[in-house]
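Observations on the three-dimensional arrangement
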Amino acid sequence: MAHVNENIKTYKGFRAITLLCLVVLYAPLVIVTIYSFNASQSITNWEGLSFRWYADVFTGPESAKFKSAAFNSFTIAIMAATASTMIATLAATAMVRGGQFKMRTVSFGLISLPLMVPEIVTAVATLIFFNAIGFTRGYLTILVAHVAFCIPFAYLPISARMQGIEDSFEQAAMDLYATRRQAFTKILMPLMAPGIISGFLLAFIVSLDDFIITNFVKGAGVETLPTAIFGSVKQGIKPNIMAISTMLLSVSIVMVTISYFVSKSDSTK
Amino acid sequence: MAAGAASGGSARADTYKDARGWLLLPSWAVLGIFVLGPVCMMLIYSFLTKEFRGGVIWEPSLAAYDQFFFDRGLFGDEPPKLEWTYITIFWRSIWQAGAATLLSLLIGFPTAYFIATRPENVRPVWVFLITIPYWVNLLIRTVSMKFLLRDQGPLNDFLIGTGLIDSPIHIVNTNFAVQLGLFYSYLPFMVLPIYAAVERYNFSLSEAAADLYASKWTTLRRIVLPAVKPGVVAGCILVFVPSMGSFLAPDLLGGAKNFMIGSLIEEQFKGNAGNWPFGAAASMILLTMVLIILMFSARQQAKADKAGG
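Treat the numbers as computed from the prediction; the structure is a model and nothing was measured.

What about the overall build of chain A?
Of the regular secondary structure elements, chain A holds 13 helices and zero strands. Reading the helices (α) and strands (β) of chain A from amino to carboxyl end gives α-α-α-α-α-α-α-α-α-α-α-α-α. Projecting the C-alpha coordinates of chain A onto the three principal axes gives extents of approximately 70 × 65 × 30 Å. Restricting the contact set of chain A to residue pairs at least 6 apart, pairs at least 24 apart contribute 73%. Carbon and sulfur atoms form 68% of the exposed surface of chain A, whose accessible area is close to 11600 Å². Mean positive and mean negative side-chain charge positions of chain A (19 and 13 charges, respectively) differ by 2 Å.

Considering the overall build of chain B
Along its length, chain B carries 13 helices and four strands. Rg of the C-alpha trace for chain B: 24 Å, well past the compact-globule value of 19 Å for 309 residues, more than 25% over. Put simply, chain B has 309 residues, and 49% of those count as buried. Restricting the contact set of chain B to residue pairs at least 6 apart, pairs at least 24 apart contribute 63%. When the accessible surface of chain B is summed, it comes to about 15000 Å², and 66% of that surface belongs to carbon and sulfur atoms. One way to put it: in chain B the 23 positive side-chain charges average out to a point 8 Å from where the 20 negative ones average out.

Let's talk about the pairing of strand 2 (residues 56-60) of chain B
By the bridge criterion, three bridges tie strand 1 (residues 48-50) of chain B to strand 2 of chain B in an arrangement that is antiparallel. Within strand 2 of chain B, the residue paired with B:Lys50 across the bridge is B:Val56.

What about helix 6 (residues 138-149) of chain B?
Note that an α-helix has 3.6 residues per turn; residues three or four places apart therefore point the same way. Residues and elements named next belong to chain B. Relative to the 16 Å expected for 12 residues at 1.5 Å per residue, helix 6 spans 16 Å between its end C-alpha atoms, a close match to the ideal helical length. If you check which residues of helix 6 are buried, you get Leu139, Ile140, Arg141, Thr142, Val143, Ser144, Met145, Phe147, Leu148 and Leu149. Of the residues that open helix 6, the one with a side-chain oxygen 2.9 Å from the backbone nitrogen of Leu139 is Asn137.

Structural notes on the interface of chain A and chain B
Of the residues lining the interface, 103 residues belong to chain A; the matching set on chain B comes to 93 residues. Between chain A and chain B lies a buried interface of about 9100 Å² when both sides are counted; carbon and sulfur atoms form 76% of it. Looking only at chain A, the three residues that lose the most surface to chain B are A:Tyr11, A:Phe14 and A:Arg180, adding up to 8% of its buried area. Taken together, the links from chain A to chain B amount to two salt bridges. A salt bridge links B:Asp18 to A:Arg180, with the nearest nitrogen and oxygen atoms 2.8 Å apart. Across the chain A-chain B interface, the total number found is 17 residue pairs in polar contact (both at pLDDT 80 or more). Across the side of chain A that touches chain B, the residue classes tally to 72 nonpolar, 20 polar and 11 charged.

What to know about a nonpolar patch on the surface
All names here are of chain A. On the surface, a nonpolar cluster with roughly 410 Å² of combined accessible area is contributed by Val30, Ile34, Trp46 and Leu49. Considering the arrangement of structural elements, one finds Leu49 in the loop between helix 2 (14-35) and helix 3 (52-59). We classify Leu49 as exposed; its relative accessible area is 69%.

Quick notes on the layout of surface pockets
In this structure, the second largest pocket spans a volume of roughly 410 Å³. Considering the residues around the second largest pocket, the lining is formed by 18 residues, among which A:Leu20, A:Val24, B:Leu148, B:Leu155 and B:Leu180 are closest to the centre. Sorting the residues of the lining of the second largest pocket by element identifies helix 2 of chain A together with helix 4 (84-116), helix 6, helix 7 (154-161) and helix 8 (175-200) of chain B as the ones contributing at least two each. When residues in the lining of the second largest pocket are grouped by element, the largest group, six residues, is from helix 2 of chain A. The class makeup of the residues in the lining of the second largest pocket is 18 nonpolar, no polar and no charged.

Section: helix 2 (residues 20-45) of chain B
Residue and element names in this part refer to chain B. If you check helix 2, its first and last C-alpha atoms are 35 Å apart, about what 26 residues at 1.5 Å a residue would give, namely 38 Å. Gly32 marks the point of greatest bend in helix 2, at about 45°. All of the buried residues in helix 2 are Arg20, Leu23, Leu24, Ser27, Val30, Leu31, Val35, Pro38, Val39, Met41, Met42 and Tyr45.

Let's talk about the nonpolar core
Within the largest apolar cluster, 177 residues are counted, with the highest numbers of intra-cluster contacts made by A:Ile128, B:Met42, B:Tyr113 and B:Leu286. In terms of residue count, helix 8 of chain B provides more of this core than any other element does, 14 residues in total. Setting aside residues no more than four positions away along its own chain, B:Met42 makes contact with A:Val121, A:Val124, A:Ala125, A:Ile128, B:Ala280, B:Ser283, B:Met284 and B:Leu287.

Examining the side chain of A:Thr224
Residue and element names in this part refer to chain A. Position of Thr224 among the secondary structure elements: in the loop between helix 11 (212-217) and helix 12 (225-233). Judged by relative accessible area, Thr224 falls into the buried class, the value being 3%. In this view, Thr224 contacts Ala69, Asn72, Ser73, Ile142 and Thr214; residues no more than four positions away in its chain are not counted.

A short note on the packing of helix 4 (residues 63-97) of chain A against helix 5 (residues 104-111) of chain A
Residues and elements named next belong to chain A. Contact pair helix 4 / helix 5: the axes reach a minimum separation of 11 Å and the direction vectors enclose 150°. Considered as vectors, helix 4 and helix 5 are oriented roughly antiparallel to each other. Helix 5 is crossed by helix 4, and the crossing has left-handed handedness. Only Arg104, Ser107, Phe108 and Ile111 of helix 5 make contact with helix 4, whose side of the interface consists of Ala91, Met95 and Val96. Here the contact of helix 4 with helix 5 is composed, by residue class, of five nonpolar, one polar and one charged.

Examining the packing of aromatic side chains
In this structure the tally under the stated criterion is 38 aromatic pairs over all chains. Consider the rings of A:Phe14 and B:Trp217, whose centres lie 6.2 Å apart with planes at 70°: the pair is edge-to-face. Residue A:Phe14 is located in helix 2, and its partner B:Trp217 is located in helix 10 (residues 216-244); the two belong to separate chains. A ring pair is formed by A:Phe230 and B:Phe247, whose centres lie 6.1 Å apart and whose planes are at 50°; its orientation type is tilted. Of this pair, A:Phe230 sits in helix 12 while B:Phe247 sits in the loop between helix 10 and helix 11 (248-254), which puts the two residues in different chains.

Section: the environment of B:Tyr186
All names here are of chain B. As for its placement among the helices and strands, Tyr186 is situated in helix 8. The sequence separation of Tyr186 and Lys229 amounts to 43 residues, and the corresponding C-alpha distance is 19 Å. Contact partners of Tyr186, with chain neighbours within four places excluded, come to Leu138, Val239, Pro242, Ser243 and Ser246.

Points about the pattern of salt bridges
For the structure on display, the rule yields six salt bridges over all chains. Note that A:Arg97 is salt-bridged to A:Glu170, the shortest N-O span being 2.8 Å. In this pair, A:Arg97 is assigned in helix 4 and A:Glu170 in helix 9 (residues 168-175), connecting sequence segments 73 residues apart. One exposure class covers both A:Arg97 and A:Glu170, and it is buried. Where B:Glu199 meets B:Arg123, a salt bridge forms, and the shortest distance between an N and an O atom there is 2.9 Å. One end of the pair, B:Glu199, is in helix 8; the other, B:Arg123, is in helix 5 (residues 123-135), with 76 residues separating them in the sequence.

Cut-off values and rules
Residues numbered from 1 in each chain as written. Chains lettered and ligands numbered in written order. Predicted model: local features only at pLDDT ≥ 70, side-chain atom pairs only at ≥ 80, totals over all residues. Heavy atoms only, no water. Helix = DSSP H or I, 4+ residues; strand = E, 2+ residues; numbered from the N terminus. Contact = heavy atoms within 4.5 Å. Areas by Shrake-Rupley, 256 points an atom, 1.4 Å probe, with all protein chains shown as cover. Lys, Arg positive; Asp, Glu negative; His and termini not counted. Charge placed at Lys NZ, Arg CZ, Asp CG, Glu CD. Rg over C-alpha atoms; globule rule 2.2 N^0.38 Å. Buried < 20%, exposed > 50% of the residue type's maximum accessible area, 1.4 Å probe, protein only. Pairing = 2+ DSSP bridges. Expected span 1.5 Å × (residues − 1). Polar contact = N/O pair within 3.5 Å; in protein donor to acceptor, adjacent residues only side chain to side chain. Buried area = accessible area lost by both parts, 1.4 Å probe. Salt bridge = Lys/Arg side-chain N within 4 Å of Asp/Glu carboxyl O. Nonpolar A, V, L, I, M, F, W, Y, C, P; charged D, E, K, R; others polar. Patch = residues over 30% accessible without salt bridge, like charges linked within 9 Å, V, L, I, M, F, W, Y side chains within 5 Å. 1 Å grid on protein atoms, 1.4 Å probe; cavity = no way out; pocket = protein on both sides within 12 Å on 5 of 7 lines; lining within 4 Å. Points joined across faces, edges and corners; volume = space filled by probe spheres on them. Bend = angle between axes of the 7 residues up to and from the residue. Core = buried A, V, L, I, M, F, W, Y, C linked by side-chain atoms within 4.5 Å. Axes fitted to C-alpha atoms, helices over the stretch in contact; angles between N-to-C directions. Parallel < 35°, antiparallel > 145°, perpendicular 65-115°, else oblique. Left-handed = near helix turned anticlockwise from the far one by under 90°. Phe/Tyr/Trp six-rings, centres within 6.5 Å; stacked < 30°, edge-to-face > 60°.

Honestly, that's just the spatial picture; any functional story needs more than this.
What follows is the structure in structure tokens.
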């Protein structure tokens, strides 16, 4: 493309708005992180740097609740992300390597259904479903619901990656008498790795972060970190909640950053 | 060679043609049973009779929809009048979501445009910076927003400290706080599609406009905006749809006066109201509205594709 004069492209003020945008996006998170290190009992006054609220999360009066919530959150996130990544990988193989077929559009619609239906509607529907079939709400119902709504988040990076890989690699392997299974595990899977890893990580975060659906399908007494935090916040924001929030947001940011660099590595193939 | 590279193995690759049924089976099963099935079940529940402590009695009834739209007096024997309570809640949700969408557009468009006009190698970094907060727990982001905006919160402290204001501005528990919360929740959904559209835009057109003495703002309005319209429409829908059914922002930032659909639905299942068929009916009405918007946008997109192709 011909080089276009930069002066024509740029608009005064757009840079300032972008910076404002970043400030708005990050300010609340930065502020909460800072205040999570506040020594004061009150959330309003700053009384110096301290780790006491982090200690409180692990040893304070609410530590048992947080520990079991963290256990539930992380085990559910790992299992839901693993299951949805496997399901999404199989689906992507059919959608991207299965030629043209009639049910392709319908399948894609079904896979993206959790993204189109408002989350609160999915939550209500799932609650009604478990109630109708007489399934007691608890850990298992949360897990099943998470597997379902994580599928599109795992599917999108995986299918995008597979579309970028020419099938001539697998064809070449099969011309040289590799079975299709070998071509799948030895050729396609290694090439797919970055897509699968970022699909897994996104599914993991989405599961770890979910509040609305979990809140509807959890049984009494079963909490995940978001539902436990929501329960506490209803009585006012406390410093230990800021500490636990800071830890949780750090986990999310680390995961997204890993996912970013993994998927970036594949564009340099 | 070029043709092979372009196909990218996508359209013509059919290595797994005979196995696709098996490969799709798990996703069909999980999503069919645990998402599509439940939505159908919800439709049925909306036509059942309520049981007082939550749950339903299996007796067909239109009571839920009737309660939503009509007021028949305390004992249900008066001639039906239009019931405004729930229509008002829906209307407020639409209005709030619309305001949040407009706010996102005003901030999101310049941001997306700015990022798309950066050198190619730094664009992904900007996009990454914009998307990081989206991946942070929505609950934590909303709580953080509330913490920041409180009457005694850091924002008011800062404004009072600099002498700009004398007494704290009440932001929490207003409509504006909810709009701000929704804007904060879904802003990346506005930026990303507009960014993608501006990135594809051919800037020679802007240059041509400038050569013909169009001012920069005229060029933006008459040349750039129409060209990137599909991205703008997509962004608006992606912000509007989840905003309308949101629960956390109105619940935590809005207070009781700024009730939206999400809270109305939640109350039927978690709160004391406990009217499951009514909650299911309200969810169905919300879902129908969303599906109409999505179908409309799909049609618009198809039209734009046709015009572009």
